[in-house]
Every structure is written in structure tokens, then in C-alpha cells.
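The lines below spell out each chain.
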Amino acid sequence: MLRPIDKYFIEKDEPIRSCLQSLREYILSLDNQHITEAWKYGMPMYCYDGKMFCYLWVHKKFKQPYIGIVEGGSVEHPELIQEKRARMKILVIDAAKDLPLKKLNGIMNKVVALYEK
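What counts, and at which threshold
- Residues numbered from 1 in each chain as written.
- Predicted model: local features only at pLDDT ≥ 70, side-chain atom pairs only at ≥ 80, totals over all residues.
- Heavy atoms only, no water.
- Pairing = 2+ DSSP bridges.
- Helix = DSSP H or I, 4+ residues; strand = E, 2+ residues; numbered from the N terminus.
- Axes fitted to C-alpha atoms, helices over the stretch in contact; angles between N-to-C directions.
- Contact = heavy atoms within 4.5 Å.

Peer 1: Now, about the sheet that holds strand 4 (residues 65-69): what can you tell me, with residues and values included?
Peer 2: The five strands lie next to each other as 1-2-3-4-5, forming an open sheet whose pairing is antiparallel. Unpaired on one side and paired on the other, strand 1 (35-40) and strand 5 (89-92) mark the two borders of the sheet. Averaged over all neighbouring strand pairs, the angle between strand axes comes to 25 degrees, with direction disregarded. Relative to strand 3 (residues 51-58), strand 2 (residues 43-48) is paired through four bridges, and the arrangement is antiparallel. For Y48, the partnering residue across the bridge sits in strand 3 and is K51. Against the sheet, helix 2 (residues 16-30) makes contact with strand 1, strand 2, strand 3 and strand 4, and its axis sits at roughly 165 degrees relative to strand 3, the strand it touches most. Across the sheet, helix 3 (residues 101-116) lies against strand 2, strand 3, strand 4 and strand 5, angled at about 150 degrees from strand 3, the strand it touches most.

Geometry only, nothing functional implied.
Dropping the structure here:
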């Protein structure tokens, strides 16, 4: 029997499924000692030492996957979108292209640094 978190990924259509799964692997590889995966609020959530760190979702308007950064308000990057969120920002990813690793590394290193303090 599949866990809800695994079912979430499997139920997505391509290329969104592959993109989300790649993002999942990427996030977990950032720091395998401190970052864990959980199913919270009906979505894949990633925690840093038990504190909510980021999550994966599909943007309703853009129909593209994104990384929601819980403390995004503390991170400056031109491609992070605030929308109507007070605390969080999102990074929309084009599912039809390769992951923008240089951009992801720059943003996620800033986010990890917030949690290491």
C-alpha cells in the first residue's frame, strides 16, 4: 500500500511528475542529516530539524510545479514570488526543462543558512 506522499507524486501527469520527483530528490540531497520528508497539510513537506522548511506543489494558474519556501520572506531573489502570502515565497519551475540547478543552489543555500543559525 502506498503512503499518501508517494501517491501524491505518482498521480501527477508527465512532465510534472518527473519534475516533482527530481525536486524531491534534490531537496533531500541538500542535507540528509537535517532535512526530512513529511506529509503535512495534504502535501509533501520538507523539514529541517523538525521545522517546516519547504514544500512541493503545482501552481493552479501557471500549471507548473513549484517549491514553496516557508521562510521565503527572509530570502531575496528576483525569481521568488510572494503573491498573497505573508511569510512564504515560491519558485516556479518549468516542468518541460531541466532543473535550474545553479538557481536552485543559490536560493536553497540561503534558505538552509537561515535554519543553521
